[in-house]
Amino acid sequence: MKTAVCYYSRHHGNTRKVLDAMADEGNLDLIDVTTRQTVRLEEYDCIGFASGIYGFDVQKAVVEFARQYLPQGKSVFFVYTYGGAKGSGAKSVAEIAREKNCPVLGEFSCKGYDTFGSFKLIGGIAKGHPDTQDLENARKFYQKNPSTESTGIRRLHNVWTKPQRCPPKQEHSQRLLH
């Protein structure tokens, strides 16, 4: 399964750290949405969208990228980091996915070090995040299938969609959207 993640990661690089951990688990192409490049997402079986939370939602560049480049009917998933509150998470990108008839396989989120605005005055919040456990949870989210021929996202779609198999609520959010 060929997978790409279209992402925005600035400030402390929290989102990129999470994506690098996921990429260690298998074939994953990372596409920075701020670089000018030719993008052909039709070539991918599964597409992720990732960002920190800015003003209670994923970064606008990711939303616009999804609106412009996400092909109809592709399986998608979401990854985001947040300092304080998750806000609405990936809601705006999930709406675009629904409009384009793309099945949403799930989302992963975790805390990320944040020094935006007044948080800078106190040395930031969520210091040390994403930490080792956050990164391990990201790897588990991505690579659940012991087979090296497919990604964990495929297994997540096939197995975790059953409500009784969903993991318990944790600090690290892994949930399915329906």
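Calculation notes
Residues numbered from 1 in each chain as written. Predicted model: local features only at pLDDT ≥ 70, side-chain atom pairs only at ≥ 80, totals over all residues. Heavy atoms only, no water. Buried < 20%, exposed > 50% of the residue type's maximum accessible area, 1.4 Å probe, protein only. Helix = DSSP H or I, 4+ residues; strand = E, 2+ residues; numbered from the N terminus. Pairing = 2+ DSSP bridges. Contact = heavy atoms within 4.5 Å. Core = buried A, V, L, I, M, F, W, Y, C linked by side-chain atoms within 4.5 Å.

Chemist: What's the story with the pairing of strand β3 (residues 46-54) in this structure? I'm lost.
Modeler: Every other side chain in a regular strand lies on the same face of the sheet, so the side chains alternate between the two faces. Counting buried positions over the nine residues of β3 gives eight, a clear majority of the element. With six bridges connecting them, strand β1 (residues 3-8) and β3 associate as parallel partners. Opposite Ala-4, over in β3, you have Ile-47 as the bridge partner. Pairing analysis gives seven bridges linking β3 to strand β5 (residues 75-82), with the strands arranged parallel. Note that in β5 the partner of Gly-52 across the bridge is Thr-81. Summarising the sheet, β3 and strand β4 (residues 57-58) pair through two bridges and their orientation is antiparallel. Bridge pairing links Ile-53 to Val-58 in β4.

Chemist: I would appreciate a short explanation of unusual backbone geometry in the present structure.
Modeler: Among all residues except glycine, the phi angle is most often negative; among peptide bonds, the trans geometry is most common. The phi torsion at Asn-101 lies on the positive side, around 55 degrees, for a residue other than glycine. Within the secondary structure, Asn-101 is located in the loop between α3 (91-99) and β6 (104-111). Accessibility expressed as a relative area gives 57% for Asn-101, which makes it exposed.

Chemist: Help me understand α3 in this model?
Modeler: Residue pairs three or four apart in sequence face the same way in an α-helix, which turns once every 3.6 residues. Considered for burial, the residues of α3 that qualify are Ser-92, Val-93, Ala-94, Ile-96 and Ala-97. Contacts from the buried residues of α3 go to β3, β4, α2 (60-69), β5 and β6.

Chemist: I'm lost on the nonpolar core in this one. Help?
Modeler: For soluble globular proteins, nonpolar side chains are generally found buried alongside one another. In this structure, Leu-41, Phe-49, Val-76 and Phe-78 are the most contacted members of the largest nonpolar core, which totals 28 residues. Secondary structure elements with two or more residues in this core: β1, β3, α2, β5 and α3. For Leu-41, the contacting residues outside a window of four places in its chain are Ala-4, Cys-6, Ile-31, Ile-47, Phe-65, Tyr-69, Leu-70, Pro-71 and Lys-74.

Function cannot be inferred from these measures alone, as they are strictly geometric.
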